[in-house]
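Given next are the chains, with one letter for each unit.
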Amino acid sequence: MGGAARADRRSVLAAAGGLVVAGIGVPVGLAVTRDRPPPPRGRRPISMAMHLHASFSEGVASYAAHLDQARRNAVDVLWWTDHDFRVAAHDHRRAVRFDGPQELEGELAWTWTSATDGRLTDSAADFVAAPDAPGRALRLTATGAGTHWYAGKAWNWTHTGNISDTTLHLDVRPESAGPDATLTVEVALSHHPAGPGRPAGQLVLRYRLGAAATPRHTTDGRHGTVDLPAPTGAWRRHTFDLLADVRRLWPDLVAGDNSLRGLRLGVTVAGGARGAYLVDGLVFDRARRAGQGGERLRAEVLRGYAGAYPGVTHHRAYEVSMVRHLNWFGGDGTLPRFPSPPYRDNDVDATERMVEFLHAHGGVVCWNHPLDVERRDSLARLLVAQHGLGADLIEIGRRPVEDHLWAYDVAARNAIPLTAVGVTDDHDGTDWRAGRDRWITSVWAASTGRDDLVAALRAGQAWFADLVGYRGALDLELGGRSAMGALPTVAGDTVTVRLRATDLPAGATVEVVTGEVDLAGAADPTPAIRTGQVPWRQVRQGWHDLSVRVGGGAYVRTQVRDRDGDIVAASNPLWLLRQAPPRGVPAARRF
């Protein structure tokens, strides 16, 4: 668990009769119960993917793709944590003037990149004085058999975004055109599960200018094409209604569940023909994003999936992105104010002020990927010095999980009751099991309703587990009641804690992590833990009684290692205190 002298792992494997854990004078005896325990009264284990990005974020995933993954992987609840400023399309690209291969809008750059397909004998992209129009334009040419592509991208993917209210406008003047020399405006959309006549994968919408005398729509699996006339020698403003065309090409889809993921222009030629087109004045017209409009639009898109995936519940949430990233679950969904340009501010005080804002609007707040701007030691010091930035939850179930748990144990030593949760942070929706982080959070809750789940998270009634490595249930019970996450004050020298660890995979080991609660603070920002182990054959039936000597204060949590020694699950702690900590005990964690 770490190199500090007080945090080393001493593990004594159990003999047939029980287990002994060294450290802080805590003798432990485990009595095996052979019958599977009933769930806590009135509650059941509910699994959740708590960090997901779909068509209102910058990735390729659709909501349908994640819903399909949840169904395939038997996950009960999805939380849609799209980036807040992307939901609002704040400072997203509005126009491209074609002044050159790179141009600014405010401080944010748009960049063009050239590529070719096929066998072209000649191709060029030149920014020239626009005939019969002010300013400059792009002349895109190709000769031979193939396509000369010119792909555009805005800083930090700020050209992407949900298409539900987005119309594109582009001025086009064909100079050398015909059936064998067309201009393509290609929009890469989102990844969707397989549908009628369509394999799973990313949809691509293509507008072919000059390919037909009258408009027509055709579909070939994941590729949809709209052919449009384009008279030679004259400027024409073309308007591309993305939502209407997706709806017509793929009528089985929730059309609004698509992001404008990629955009490129291409001159396609065949049979040695030459194509030449002038393009100018690309405009992104987003009609419904002002104020809370983006959130209303997202709610409208998600209503399209009402009842479509029985057994999977989903709730709207946010990843608040202009400070150290925070996931916000529950509350009234009020978007915070965004800076312009939308640069992230990692200042600790700014993050704490944002946590206060979110708390004022209800729900619980999670500190996301806490090691993205910290190291293990600095994170531990920050957790203690700033009391976890005031957050309610923290992402501990993510790589490197041992480092995250090390810092988390420092917070637990100081009786800082943050709920440890797991994370997928998936932007693709293609295969959760293949992701870098595939940690699912489970809670003991009365229902999959938003308020019940938020209450369970607030109380620390949660554990996280690798989606592939462990799908059982963890809990800690005190006096016949579920107590995981609680901070009770106890008088006795010895307390019996009952552990739950069900459905362990073959060869797995349950580890019991017992730590001091001495409020060491910044003077000693290291864990004070000892760890004991017990093989899967002795714990797979469910309950074990653990006799804990409280000393000046202690906490207990469990974790599961697979047969290769990797951590695949961890519970939240139960604290056993002599007196309430200096900041008191949150109401949700009173026992």
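Look up a bit, the structure's there.
Residues numbered from 1 in each chain as written. Predicted model: local features only at pLDDT ≥ 70, side-chain atom pairs only at ≥ 80, totals over all residues. Heavy atoms only, no water.

## A word on the overall build of the protein
Using the following cut-off: Secondary structure follows DSSP: runs of H or I at least 4 residues long count as helices, runs of E at least 2 residues long count as strands, and numbering of each begins at the N terminus. Under the scheme applied here, a residue whose accessible area is under 20% of the maximum for its type counts as buried, over 50% as exposed, and between as partly exposed, the area being computed with a 1.4 Å probe on protein chains only. Throughout, the Shrake-Rupley method with a 1.4 Å probe supplies accessible areas, and for residues the shown protein chains are the sole cover considered. Counting rule for charge: Lys and Arg are taken as positive, Asp and Glu as negative, and neither His nor the chain ends is counted. Charge coordinates come from a single atom per side chain, which is NZ of Lys, CZ of Arg, CG of Asp or CD of Glu.
Helix and strand counts for the protein stand at nine helices and 30 strands. Along the first, second and third principal axes, the C-alpha atoms of the protein reach 90 × 45 × 40 Å. Relative to its full complement of 591 residues, the protein shows a buried share of 59%. If you sum the accessible surface of the protein, you get close to 22100 Å²; carbon and sulfur atoms cover 48% of it. Looking at the protein, you have 68 positive and 66 negative side-chain charges, and the mean spots of the two groups are 4 Å apart.

## Quick notes on the packing of aromatic side chains
For clarity, the threshold we go by: Any Phe, Tyr or Trp ring, taking Trp's six-membered ring, that has another such ring centre within 6.5 Å forms a pair; planes under 30 degrees apart are called stacked, those over 60 apart edge-to-face, and the others tilted. The criterion for a charge sitting over a ring is simple: Lys NZ or Arg CZ within 6 Å of the ring centre, and within 35 degrees of the ring normal.
Counted according to the given criterion, the structure contains 14 aromatic pairs. For the ring pair Trp110 and Phe284, a centre distance of 6.0 Å and an interplane angle of 55° mean the geometry is tilted. Remark: Phe284 occurs in strand E13 (residues 262-286) and Trp110 occurs in strand E5 (residues 108-129); sequence separation between them is 174 residues. The exposure class assigned to Phe284 is buried, which follows from its relative accessible area of 5%. One aromatic cluster in this structure is built from Phe98, Trp110, Trp112, Phe127, Tyr150 and Phe284. The aromatic ring of Phe591 is capped on one face by Arg481, whose charged end is 4.2 Å from the ring centroid.

## A short note on the sheet that holds strand E16 (residues 326-329)
By way of backbone hydrogen bonds, the strands of a sheet pair with one another, either parallel or antiparallel. Our working definition: The rule for pairing is simple: two strands pair if DSSP sees at least two bridges between them. For helices, the axis comes from a line fit to the C-alpha atoms of the stretch in contact; other axes are also lines fit to C-alpha atoms, and the angle between any two N-to-C directions lies between 0 and 180 degrees.
The five strands lie next to each other as E15-E16-E17-E18-E19, forming an open sheet whose pairing is mixed. Either end of the sheet is taken by a strand with one partner, and the two such strands are strand E15 (318-320) and strand E19 (419-422). Put simply, the sheet's adjacent strands are angled 35° from each other on average, direction ignored. Strand direction decides the pairing type here: E15 and E16, joined by three bridges, are antiparallel. Opposite Tyr318, over in E16, you have Trp328 as the bridge partner.

## A short note on the pattern of salt bridges
Spelled out, the test is: Salt bridge, as applied in this entry: a Lys or Arg side-chain nitrogen positioned within 4 Å of an Asp or Glu carboxyl oxygen.
Going through the model one piece at a time under the given rule, you end up with 38 salt bridges. Arg561 is the salt-bridge partner of Glu402, the closest N and O atoms lying 3.0 Å from each other. Taken as a pair, Glu402 in helix H7 (residues 401-413) and Arg561 in strand E28 (residues 553-561) lie far apart in primary sequence, 159 residues in all. Among the residues examined, Arg561 registers a relative accessible area of 6% and is labelled buried. The partner of Arg450 in a salt bridge is Asp451, with the nearest N and O atoms 3.9 Å apart. Note on Arg450: relative accessible area 30%, which makes it partly exposed. Shared partners join several salt bridges into a network, and the residues in it are Arg93, Arg97, Asp99, Glu103 and Glu105.

## A word on the sheet that holds strand E22 (residues 474-478)
Across the sheet, four strands lie side by side as E23-E22-E24-E27; this open sheet has antiparallel pairing. Each having just a single partner strand, strand E23 (481-482) and strand E27 (543-549) make up the two edges of the open sheet.

## Comments concerning the environment of Arg589
Test applied: Whether two residues are in contact is decided by their heavy atoms, any of which lying within 4.5 Å being enough. Polar contact is defined as a pair of N or O atoms within 3.5 Å, subject to the rule that within protein one atom must be able to donate a hydrogen and the other to accept it, and that residues adjacent in sequence are counted only when both atoms are side-chain atoms.
Summarising the element assignment, Arg589 is placed in the segment after strand E30 (574-577). Since its relative accessible area comes to 2%, Arg589 is described here as buried. Along the sequence, Arg589 and Arg381 sit 208 residues apart, while their C-alpha atoms lie 24 Å from each other. With residues up to four places along the chain from it excluded, the contact list for Arg589 reads Asp392, Pro417, Leu418, Thr419, Leu457, Arg458, Ala459, Gly460, Gly485, Ala486, Leu487 and Trp575. One polar contact links Arg589 to Thr419, side chain to side chain, over a distance of 2.6 Å.

## Overview of helix H6 (residues 376-385)
Taken together, the buried positions of H6 are occupied by Ser378, Leu379, Ala380, Leu382, Leu383 and Val384. Those residues of H6 hidden inside the fold are in contact with helix H5 (348-360), strand E17 (364-367), strand E18 (393-397) and H7. Remark: His387 follows H6 within two positions and exhibits a positive phi of approximately 50°.

## Focus: the pairing of strand E26 (residues 529-535)
Side chains on a regular strand alternate between the two faces of the sheet. Of all the seven residues making up E26, six are buried; the element is thus mostly covered by neighbouring parts of the structure. When strand E25 (residues 509-516) meets E26, the two strands line up antiparallel, connected through seven bridges. Residue pairing for E26: Thr514 is matched across the bridge by Arg530.

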